[in-house]
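Residue-level structural notes
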2 protein chains.
Amino acid sequence: MRRITLDDVANLAGVSPITVSRVLRKPHAVSPALRLRVDAAVKELGYVPNIAASRLASARTHAVGVIVPTLYNVIFAEYLFALHDVLVAAGFQVIVVNSRYSEVEEESAIKALLGQRVEAIIITGTHHTLLSRQLLTQARLPVVETFELSPDPIDLNIGMSQEQAGQTATRHLIEGGFRRIAFLTGNLDHRARSRFDGYRAAMEEAGLPDLQIIAEKPRHSSVALGSDLFALTCDRGKAPEAIFCTDDNLALGAMQECRKRGIRVPDDIAIMGFHDLEFAACAAPSLSSVITRRFETGKLAAEKVLAALTSSLRSKDQQIDLGFALIPRESTTV
Amino acid sequence: MRRITLDDVANLAGVSPITVSRVLRKPHAVSPALRLRVDAAVKELGYVPNIAASRLASARTHAVGVIVPTLYNVIFAEYLFALHDVLVAAGFQVIVVNSRYSEVEEESAIKALLGQRVEAIIITGTHHTLLSRQLLTQARLPVVETFELSPDPIDLNIGMSQEQAGQTATRHLIEGGFRRIAFLTGNLDHRARSRFDGYRAAMEEAGLPDLQIIAEKPRHSSVALGSDLFALTCDRGKAPEAIFCTDDNLALGAMQECRKRGIRVPDDIAIMGFHDLEFAACAAPSLSSVITRRFETGKLAAEKVLAALTSSLRSKDQQIDLGFALIPRESTTV
DNA sequence: GTGAAAGCGCTAACAT
DNA sequence: ATGTTAGCGCTTTCAC
């Protein structure tokens, strides 16, 4: 049973193939009479256009590639949600590829997307392999790097200073009078590392010791990991007075471990999260955190891509700092 | 600046286009000498094959379509993760489309995927519009419906009885001696509705009253929603002795609201979750829940698709019940 | 092992 | 407003 093609529809409707094509893409360029005949034929045959053929013939794919490290992390799910909304509404397909936090897989992801002839690429982070950068540059298409600020953007760049955010969060704890402040993290991707740098900078400027707690085996951030890491710290001796977690999940895990051990938050220990996930505000005690603007990042990235794709004038090398906001809540209130 | 094509590579390497094509797809069918020349030319020109052309010419897309309601829900992120792993390793592209819990959007999603000429479709749930079913049937490709069991599967079906799971969870509470048991839910998608049916069946068989608490405006399950719904219940008068939440997120929210109000869990109220999200075990008190096998669902669905795509013998109408498991923890222990 | 010819199913460009 | 022609960039025959 052969697949139905445009020609089949044209034959049934008694028109030329191009007319069918027009009815499907720009119905108003066709007279109502023919349009009706064609629509009827399409329906009768259950015709579904072959997108590959359309892409090949028109040299347009109406597809945008998006690379994220993972879908596990809600942050990226929210970001994608916003991206998706804007791009799909504008008639674009969003092709999502995971890099699994690996620069090598990111490289393959870029190749795969270029093979698909996507019209733009939105990529998480600003650190890529040399070849990745080269591929993205040579492809001559709009590229948006997100979630971080690059000293040397490939093209567009929408993000925030992860380092400043880390520093701000740490300073908040220092100002709270805490001195033994630990930094908790699982997977140290480039963004977590920047926050860590910010933490260290803040500690150093206050003349305080660096108390890092980094999962030995990189594990993706989770509540369970937070519990584990915190338990480990406690068992290792002198507990910190405060902890700054790279992620609210870790913070929640640490909080639960505290409860188990009868350690009071914030009386015995202050806990600071990151990203302001939706449960942070309603945790008990409520969790201090740092708001990051994932939705806006996704929305803006998508809009910039659309703008670049629509108008021919490329407003190159734009960098947008979306900032962040510290939200002090009960978990760090003395 | 024209895009590099296979012909360009062939010219540079001094071979025919078909040889380049072979080097890329079945390198062992080409002599080492030519292979090296071609590889060099590919690298020198930075050639990236046009997948649309390849798909059109070969009538194979090596793409599998997956429809999920949303990416917000970790359940689907985990499921996709497993799916992805299997399919990508086998050389397939995974095209993910969201239906946003709408049967109408699901229909468009199916059309979009068929337009892409995906070789199989893996779809969440067993309830679809009439046209959706028709499209899926007529397309004559492997279809896997997941997460539920269908009385009349389109093709393959891998899932579990949501209703039995709901009934089992409710019985567990009833056996704990609770009588005023409420059912908490936000968005009532088909699976949540089935769990609800199970809840009602259990309550009815025990001769107990139905105490449902359903969000007025459908909202996706979240910790905040759990807090809100539970607060609402408390303010409305006589509090239930136990609650069964469609989702661990709701359960966690309810638990936090309890803490805020000084209601002890499980002494004053028992709380039962669903899905056994990763924080359930480490919550304080630990949260009773029902394990659902998202990873296995994804993995198996992908494997079945591969099998159907590889061997020509279609093992039609298979249905696999992956079951579920009740995990009693502190939150329901009297 | 390598190549020549033909065509996949559409659309752009140019008629009419 | 509609049709004709040519071709997008690959791969599938089928020769050699």
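Residues numbered from 1 in each chain as written. Chains lettered and ligands numbered in written order. Predicted model: local features only at pLDDT ≥ 70, side-chain atom pairs only at ≥ 80, totals over all residues. Heavy atoms only, no water.

1. Some words on helix α5 (residues 74–89) of chain A
Residue and element names in this part refer to chain A. Formally: Only DSSP runs of H or I reaching four residues or more are called helices, and only runs of E reaching two or more are called strands; each is numbered from the N terminus. Helix span, expected: 1.5 Å multiplied by one less than the number of residues in the helix. A 1.4 Å probe rolled over the protein chains alone gives each residue an accessible area, and that area as a share of the maximum for its type sets the label: buried under 20%, exposed over 50%, partly exposed in between. Here, two residues are considered to be in contact whenever any of their heavy atoms come within 4.5 Å of each other.
With 16 residues, α5 extends 22 Å from end C-alpha to end C-alpha; this agrees with the ideal 22 Å at 1.5 Å per step. Among the residues of α5, those classed as buried are I75, F76, A77, E78, Y79, L80, A82, L83, V86 and L87. Where α5 is buried, its residues touch β1 (63–68), β2 (93–98), β3 (120–124), β4 (143–146), α9 (190–205) and α12 (294–310). Directly beyond the C-terminal end of α5, a positive phi value near 85 degrees is found at G91.

2. A look at the interface of chain A and chain B
Defined as follows: Accessible-area loss on putting two parts together, using a 1.4 Å probe and summing over both, is the definition of buried area adopted here. Counted as salt bridges are all cases of a side-chain nitrogen of Lys or Arg within 4 Å of a carboxyl oxygen of Asp or Glu. For this classification, Asp, Glu, Lys and Arg are treated as charged, while Ala, Val, Leu, Ile, Met, Phe, Trp, Tyr, Cys and Pro are nonpolar and the rest, including Gly, are polar.
Across the contact, 45 residues belong to chain A and 45 residues belong to chain B. A buried area of about 4,000 Å², summed over both sides, lies between chain A and chain B, and 57% of it is on carbon and sulfur atoms. Area buried by chain A at its contact with chain B is led by A:Y72, A:R117 and A:C282, which between them contribute 16% of it. Inspection of the region where chain A meets chain B yields two salt bridges. Residues A:R100 and B:D85 are paired through a salt bridge, measuring 3.2 Å at the closest nitrogen-oxygen approach. Mapped by element, the contributors of at least two residues to the side of chain A that touches chain B are α4 (51–58), α5, β2, α6 (103–115), α10 (223–235) and α11 (248–261) of chain A. Its residues placed into classes, the side of chain A that touches chain B shows 25 nonpolar, nine polar and 11 charged.

3. Quick notes on the environment of A:G323
Residue placement: A:G323 occurs in the loop between β11 (319–321) and β12 (324–327). Among all residues touching A:G323, those that are not within four sequence positions of it are A:G159, A:M160 and A:R293.

4. Remarks on the relation of the copies chain A and chain B
What counts here: The superposition of copies rests on a least-squares fit of C-alpha positions from residues with pLDDT of 70 or more in both.
With an RMSD of 0.1 Å, chain A superimposes on chain B once it is rotated by 180 degrees and translated 0.0 Å along the axis. On this basis, the relationship between the two copies can be described by a two-fold rotation axis. Proximity to the rotation axis, assessed at the C-alpha, singles out A:A52 in chain A; its C-alpha lies 2.4 Å from the axis. The fraction of interface residues of chain A whose copies in chain B are also interface residues reaches 100%, indicating that both copies meet through the same surface.

5. Quick look at the UniProt feature "domain: HTH lacI-type" (unreviewed entry) in chain A
Counted only if it meets this: UniProt positions are given in the numbering used here, feature names are shortened, and annotations may be inferred rather than shown by experiment.
Those residues carrying the UniProt feature "domain: HTH lacI-type" (unreviewed entry) are residues 4–58 of chain A in this numbering. The straight-line gap between the two end C-alpha atoms of residues 4–58 of chain A is 20 Å; of that span, 71% is helix and 0% is strand.

6. Focus on α4(A)
Structurally, the α-helix is built with 3.6 residues per turn, so residues lying three or four positions apart point the same way. For clarity, the threshold we go by: Whenever two N or O atoms come within 3.5 Å, that pair is a polar contact, provided that in protein one can donate a hydrogen and the other can accept it, and provided that, for residues adjacent in sequence, both atoms are side-chain atoms.
By the N-cap criterion, in which a side-chain oxygen at the helix start approaches the backbone nitrogen of a residue two or three places on, α4(A) is capped by A:N50, the distance to A:A52 being 2.9 Å. A positive phi of about 60 degrees marks A:A59, the residue just after α4(A).

7. Quick notes on the packing of helix α1 (residues 6–13) of chain B against helix α3 (residues 32–45) of chain B
Residue and element names in this part refer to chain B. Heads up, the condition is: Angular values range over 0 to 180 degrees, each being the angle between N-to-C directions of two axes fitted as lines to C-alpha atoms, with helices fitted over their stretch in contact. In what follows, roughly perpendicular refers to angles from 65 to 115 degrees, roughly parallel to angles under 35, roughly antiparallel to angles over 145, and oblique to any angle outside these ranges. Handedness of a crossing is defined here by the sense of rotation of the near helix relative to the far one, left-handed for an anticlockwise turn of less than a right angle and right-handed for a clockwise turn.
Direction vectors running N to C along α1 and α3 enclose 125 degrees, while the axes themselves pass 9 Å from each other. Our classification of the angle between α1 and α3 gives oblique. Between α1 and α3 lies a crossing of right-handed hand. Across from D8, V9, L12 and A13 in α1, the residues of α3 making contact are R37, V38, A41, V42, E44 and L45.

8. Remarks on the protein's contact with DNA strand D
Under the convention used in this document: Nearness is defined per residue: one heavy atom within 4 Å of the molecule or strand is enough.
For DNA strand D, the set of nearby residues contains 23 residues, the closest of which are A:T19, A:S31, B:I18, B:S21 and B:Y47. Backbone atoms, meaning sugar and phosphate, make up 66% of the atoms of DNA strand D lying within 4 Å of the protein. A distance of 3.1 Å separates a phosphate oxygen of DNA strand D from a polar atom in the side chain of A:S16. Between a phosphate oxygen of DNA strand D and a side-chain N or O atom of B:S21, the distance comes to 2.3 Å. Put simply, the parts of the chain that give the surface near DNA strand D at least two residues each are α2 (17–25) and α4 of chain A together with α2 (17–25) and α4 (51–58) of chain B. Top contributing element to the surface near DNA strand D by residue count: α4(B), with four residues. Across the surface near DNA strand D, the residue classes tally to 13 nonpolar, eight polar and two charged.

9. Comments concerning the packing of helix α10 (residues 223–235) of chain B against helix α11 (residues 248–261) of chain B
Residues and elements named next belong to chain B. In the contact formed by α10 and α11, the axes pass within 6 Å of each other and the chain directions differ by 50 degrees. Taken as axis vectors, α10 and α11 run oblique relative to one another. Taken as a pair, α10 and α11 cross one another with a handedness that is right-handed. Across the interface between the two elements, V223, L225, G226, S227, F230, A231, C234 and D235 from α10 touch N249, L250, L252, G253, A254, Q256, E257, C258 and R261 from α11. For the contact of α10 with α11, the per-class residue count stands at nine nonpolar, five polar and three charged.

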